[in-house]
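Summary of structural features
Chain by chain, the residues run as shown.
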There are 2 protein chains.
Amino acid sequence: MKRYTAILLALAAASSPQVLLAEGNPEAGKAKSAICATCHGANGIATMPSYPNLAGQNAEYLESALKAYRSKERQGGLSMLMHAQAASLSDEDIADLAAFYAGM
Amino acid sequence: MKRYTAILLALAAASSPQVLLAEGNPEAGKAKSAICATCHGANGIATMPSYPNLAGQNAEYLESALKAYRSKERQGGLSMLMHAQAASLSDEDIADLAAFYAGM
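Described below are features of the structure shown in this document. Being a predicted model, the structure only gives us computed values, none of them experimental.

Our next topic: the packing of aromatic side chains. Residue and element names in this part refer to chain A. Here the structure, examined in full by the defined rule, presents two aromatic pairs over all chains. Between Phe100 and Tyr101 the ring centres are 4.9 Å apart and the planes differ by 55°, which places this aromatic pair in the tilted class. You can call Phe100 buried: its relative accessible area is 11%.

What follows is the structure in C-alpha coordinates.
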(Lines give C-alpha, C1' and ligand atoms only; values in the text may rest on other atoms or scores of the structure.)
Protein backbone atom coordinates (compact mmCIF):
# COMPACT_ATOMS: atom_id res chain seq x y z
CA MET A 1 0.00 0.00 0.00
CA LYS A 2 2.75 2.44 0.92
CA ARG A 3 4.59 1.56 -2.27
CA TYR A 4 1.45 2.05 -4.32
CA THR A 5 0.86 5.42 -2.70
CA ALA A 6 4.41 6.54 -3.40
CA ILE A 7 4.07 5.57 -7.04
CA LEU A 8 0.73 7.35 -7.26
CA LEU A 9 2.21 10.51 -5.81
CA ALA A 10 5.25 10.38 -8.04
CA LEU A 11 3.01 10.01 -11.09
CA ALA A 12 0.80 12.86 -9.93
CA ALA A 13 3.83 15.09 -9.46
CA ALA A 14 5.29 14.15 -12.82
CA SER A 15 2.04 14.67 -14.67
CA SER A 16 0.94 17.92 -12.96
CA PRO A 17 -0.06 20.32 -15.69
CA GLN A 18 2.10 23.40 -15.98
CA VAL A 19 -0.37 26.11 -15.14
CA LEU A 20 0.26 29.41 -16.84
CA LEU A 21 0.19 32.04 -14.15
CA ALA A 22 0.22 35.80 -14.37
CA GLU A 23 3.40 37.49 -13.23
CA GLY A 24 2.47 39.16 -9.96
CA ASN A 25 3.75 42.48 -8.71
CA PRO A 26 4.68 42.24 -5.04
CA GLU A 27 4.44 46.00 -4.47
CA ALA A 28 0.93 46.03 -5.89
CA GLY A 29 0.17 42.96 -3.79
CA LYS A 30 1.29 44.73 -0.65
CA ALA A 31 -1.07 47.59 -1.40
CA LYS A 32 -3.94 45.12 -1.83
CA SER A 33 -3.16 43.05 1.26
CA ALA A 34 -4.58 45.26 4.01
CA ILE A 35 -7.67 43.13 4.56
CA CYS A 36 -5.63 39.90 4.42
CA ALA A 37 -3.49 41.18 7.28
CA THR A 38 -6.46 40.99 9.65
CA CYS A 39 -6.01 37.23 9.84
CA HIS A 40 -2.73 36.46 8.07
CA GLY A 41 -0.69 39.26 9.66
CA ALA A 42 0.99 42.28 8.13
CA ASN A 43 4.17 40.19 8.00
CA GLY A 44 2.44 37.05 6.70
CA ILE A 45 2.49 35.39 10.11
CA ALA A 46 -1.09 34.59 11.08
CA THR A 47 -2.68 36.49 13.94
CA MET A 48 -4.39 33.33 15.20
CA PRO A 49 -2.96 29.78 15.24
CA SER A 50 -6.01 28.48 13.42
CA TYR A 51 -5.07 30.53 10.35
CA PRO A 52 -2.19 29.68 8.03
CA ASN A 53 0.99 31.71 7.80
CA LEU A 54 1.51 32.95 4.25
CA ALA A 55 5.03 34.37 4.42
CA GLY A 56 7.30 32.56 2.00
CA GLN A 57 4.54 30.31 0.68
CA ASN A 58 4.81 29.24 -2.96
CA ALA A 59 3.25 31.81 -5.29
CA GLU A 60 1.81 29.13 -7.55
CA TYR A 61 0.14 27.40 -4.62
CA LEU A 62 -1.23 30.71 -3.31
CA GLU A 63 -2.65 31.57 -6.73
CA SER A 64 -4.35 28.22 -7.11
CA ALA A 65 -5.72 28.41 -3.56
CA LEU A 66 -7.14 31.92 -4.05
CA LYS A 67 -8.70 30.95 -7.38
CA ALA A 68 -10.22 27.84 -5.78
CA TYR A 69 -11.67 30.03 -3.03
CA ARG A 70 -12.99 32.49 -5.59
CA SER A 71 -14.76 29.73 -7.52
CA LYS A 72 -15.87 28.12 -4.23
CA GLU A 73 -14.22 24.91 -5.40
CA ARG A 74 -12.20 24.97 -2.20
CA GLN A 75 -14.38 23.97 0.71
CA GLY A 76 -13.83 23.06 4.31
CA GLY A 77 -12.62 24.72 7.50
CA LEU A 78 -13.02 28.49 7.41
CA SER A 79 -13.37 28.56 3.64
CA MET A 80 -16.56 30.61 3.81
CA LEU A 81 -14.50 33.55 5.06
CA MET A 82 -12.14 33.16 2.14
CA HIS A 83 -14.95 32.78 -0.39
CA ALA A 84 -16.12 36.25 0.66
CA GLN A 85 -12.60 37.70 0.48
CA ALA A 86 -11.71 36.19 -2.88
CA ALA A 87 -15.02 36.85 -4.62
CA SER A 88 -14.06 40.30 -5.88
CA LEU A 89 -10.41 39.58 -6.72
CA SER A 90 -9.26 39.72 -10.33
CA ASP A 91 -6.61 37.35 -11.70
CA GLU A 92 -4.16 40.25 -11.46
CA ASP A 93 -5.07 40.92 -7.82
CA ILE A 94 -4.47 37.25 -7.05
CA ALA A 95 -1.13 37.19 -8.85
CA ASP A 96 -0.04 40.36 -7.03
CA LEU A 97 -1.03 39.01 -3.61
CA ALA A 98 0.67 35.69 -4.31
CA ALA A 99 3.87 37.46 -5.36
CA PHE A 100 3.75 39.64 -2.25
CA TYR A 101 3.43 36.76 0.22
CA ALA A 102 5.80 34.46 -1.64
CA GLY A 103 8.47 37.14 -1.59
CA MET A 104 8.41 37.60 2.17
CA MET B 1 -18.18 47.14 2.08
CA LYS B 2 -14.54 47.06 3.16
CA ARG B 3 -15.50 48.29 6.60
CA TYR B 4 -18.20 45.66 6.90
CA THR B 5 -15.75 42.94 5.87
CA ALA B 6 -13.19 44.09 8.42
CA ILE B 7 -15.81 44.00 11.17
CA LEU B 8 -16.96 40.56 10.04
CA LEU B 9 -13.42 39.22 10.14
CA ALA B 10 -12.69 40.78 13.51
CA LEU B 11 -15.83 39.17 14.92
CA ALA B 12 -14.97 35.83 13.40
CA ALA B 13 -11.49 35.97 14.89
CA ALA B 14 -12.78 36.99 18.30
CA SER B 15 -15.42 34.28 18.37
CA SER B 16 -13.31 31.43 16.99
CA PRO B 17 -13.81 28.44 19.25
CA GLN B 18 -10.77 27.29 21.13
CA VAL B 19 -10.26 23.85 19.67
CA LEU B 20 -8.72 21.34 22.04
CA LEU B 21 -5.84 19.73 20.20
CA ALA B 22 -3.71 16.77 21.08
CA GLU B 23 -0.13 17.57 22.05
CA GLY B 24 1.91 16.33 19.12
CA ASN B 25 5.34 14.75 19.33
CA PRO B 26 7.61 16.20 16.63
CA GLU B 27 10.01 13.23 16.75
CA ALA B 28 7.13 10.83 16.17
CA GLY B 29 5.88 13.16 13.45
CA LYS B 30 9.22 13.05 11.70
CA ALA B 31 9.09 9.25 11.67
CA LYS B 32 5.61 9.37 10.13
CA SER B 33 6.40 12.03 7.54
CA ALA B 34 8.25 9.98 4.91
CA ILE B 35 5.33 9.87 2.51
CA CYS B 36 4.56 13.58 3.04
CA ALA B 37 8.10 14.41 1.95
CA THR B 38 7.34 13.22 -1.58
CA CYS B 39 5.45 16.43 -2.22
CA HIS B 40 6.13 18.69 0.77
CA GLY B 41 9.88 18.03 0.98
CA ALA B 42 11.97 16.42 3.69
CA ASN B 43 12.61 19.93 5.01
CA GLY B 44 8.99 21.08 4.66
CA ILE B 45 9.75 23.04 1.49
CA ALA B 46 7.55 21.69 -1.28
CA THR B 47 9.14 19.79 -4.14
CA MET B 48 6.81 21.46 -6.65
CA PRO B 49 5.58 25.08 -6.63
CA SER B 50 1.98 23.91 -6.88
CA TYR B 51 2.26 22.30 -3.42
CA PRO B 52 2.36 24.27 -0.18
CA ASN B 53 5.44 24.58 1.99
CA LEU B 54 4.72 23.26 5.47
CA ALA B 55 7.86 24.30 7.37
CA GLY B 56 6.93 26.60 10.23
CA GLN B 57 3.22 26.45 9.52
CA ASN B 58 0.91 26.77 12.54
CA ALA B 59 0.32 23.38 14.19
CA GLU B 60 -3.32 24.19 14.88
CA TYR B 61 -3.92 25.07 11.25
CA LEU B 62 -2.13 21.91 10.07
CA GLU B 63 -4.21 19.75 12.40
CA SER B 64 -7.47 21.26 11.24
CA ALA B 65 -6.41 20.95 7.60
CA LEU B 66 -5.44 17.28 7.94
CA LYS B 67 -8.67 16.48 9.77
CA ALA B 68 -10.67 18.29 7.10
CA TYR B 69 -8.87 16.23 4.44
CA ARG B 70 -9.50 13.03 6.40
CA SER B 71 -13.23 13.76 6.63
CA LYS B 72 -13.24 14.95 3.00
CA GLU B 73 -14.73 18.22 4.23
CA ARG B 74 -11.84 19.99 2.54
CA GLN B 75 -12.32 19.99 -1.20
CA GLY B 76 -10.69 21.70 -4.13
CA GLY B 77 -7.35 21.73 -5.90
CA LEU B 78 -5.38 18.54 -5.32
CA SER B 79 -7.46 17.57 -2.30
CA MET B 80 -8.12 14.09 -3.68
CA LEU B 81 -4.43 13.28 -3.14
CA MET B 82 -4.66 14.45 0.45
CA HIS B 83 -7.92 12.59 1.08
CA ALA B 84 -6.05 9.38 0.27
CA GLN B 85 -3.08 10.34 2.45
CA ALA B 86 -5.12 11.43 5.46
CA ALA B 87 -7.64 8.59 5.38
CA SER B 88 -5.60 6.27 7.56
CA LEU B 89 -4.20 8.87 9.97
CA SER B 90 -5.22 8.77 13.64
CA ASP B 91 -5.69 11.96 15.67
CA GLU B 92 -2.31 11.22 17.25
CA ASP B 93 -0.64 10.83 13.85
CA ILE B 94 -2.08 14.18 12.80
CA ALA B 95 -0.95 15.90 16.01
CA ASP B 96 2.55 14.44 15.60
CA LEU B 97 2.84 15.53 11.97
CA ALA B 98 1.55 19.01 12.79
CA ALA B 99 4.07 19.35 15.62
CA PHE B 100 6.86 18.18 13.34
CA TYR B 101 6.18 20.69 10.56
CA ALA B 102 5.33 23.55 12.91
CA GLY B 103 8.64 23.08 14.70
CA MET B 104 10.76 23.40 11.57
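From this point, the discussion proceeds with the structure in view.
The next thing to look at is the packing of helix 4 (residues 59–70) of chain A against helix 6 (residues 91–102) of chain A. Relative placement of two packed helices is described by the angle separating their axes and the distance separating the axes. All names here are of chain A. Contact geometry of helix 4 with helix 6 gives a least axis separation of 8 Å together with a crossing angle of 140°. One way to sum up the angle between helix 4 and helix 6 is to call them oblique. Two packed elements cross with a definite hand, and for helix 4 against helix 6 that hand is right-handed. Of helix 6, the residues touching helix 4 (which contributes Ala59, Leu62, Glu63, Leu66, Lys67 and Arg70) are Asp91, Ile94, Ala95, Leu97, Ala98, Tyr101 and Ala102. Per-class residue counts for the contact of helix 4 with helix 6 are nine nonpolar, no polar and four charged.

Turning our attention to the pattern of salt bridges. Residue and element names in this part refer to chain A. One pass over the structure, following the stated rule, counts eight salt bridges over all chains. Arg70 is the partner of Asp91 in a salt bridge, and the nearest nitrogen-oxygen pair spans 2.6 Å. Of this pair, Asp91 sits in helix 6 while Arg70 sits in helix 4, and the two are 21 residues apart along the sequence. Exposure remark for Asp91: the relative accessible area of 40% places this residue in the partly exposed category.

A few words on the packing of helix 4 of chain A against helix 5 (residues 79–86) of chain A. All names here are of chain A. The contact between helix 4 and helix 5 brings their axes to 8 Å, and the two run at 90°. Considering their axes alone, helix 4 and helix 5 lie roughly perpendicular with respect to each other. Contact residues: helix 4 offers Leu66, Tyr69 and Arg70, while helix 5 offers Ser79, Met82, His83 and Ala86. Of the residues in the contact of helix 4 with helix 5, the class split is four nonpolar, two polar and one charged.

The next subject is the side chain of B:Ser33. Residues and elements named next belong to chain B. Topologically, Ser33 is positioned in the loop between helix 2 (26–32) and helix 3 (37–40). Since its relative accessible area comes to 8%, Ser33 is described here as buried. Excluding residues that lie within four positions of it along the chain, Ser33 makes contacts with Leu97, Phe100 and Tyr101.

Here we come to helix 4 (residues 59–70) of chain B. One turn of the α-helix equals 3.6 residues, which is why residues spaced by three or four share an orientation. Residue and element names in this part refer to chain B. With 12 residues, helix 4 extends 16 Å between its outermost C-alpha atoms, agreeing within 8% with the 16 Å of an ideal straight helix rising 1.5 Å per residue. What helix 4 keeps buried is the set Glu60, Tyr61, Leu62, Glu63, Ala65, Leu66, Ala68 and Tyr69. Elements in contact with the buried residues of helix 4: helix 5 (79–86) and helix 6 (91–102).

Thresholds applied
Residues numbered from 1 in each chain as written. Chains lettered and ligands numbered in written order. Predicted model: local features only at pLDDT ≥ 70, side-chain atom pairs only at ≥ 80, totals over all residues. Heavy atoms only, no water. Phe/Tyr/Trp six-rings, centres within 6.5 Å; stacked < 30°, edge-to-face > 60°. Buried < 20%, exposed > 50% of the residue type's maximum accessible area, 1.4 Å probe, protein only. Axes fitted to C-alpha atoms, helices over the stretch in contact; angles between N-to-C directions. Helix = DSSP H or I, 4+ residues; strand = E, 2+ residues; numbered from the N terminus. Parallel < 35°, antiparallel > 145°, perpendicular 65-115°, else oblique. Left-handed = near helix turned anticlockwise from the far one by under 90°. Contact = heavy atoms within 4.5 Å. Nonpolar A, V, L, I, M, F, W, Y, C, P; charged D, E, K, R; others polar. Salt bridge = Lys/Arg side-chain N within 4 Å of Asp/Glu carboxyl O. Expected span 1.5 Å × (residues − 1).

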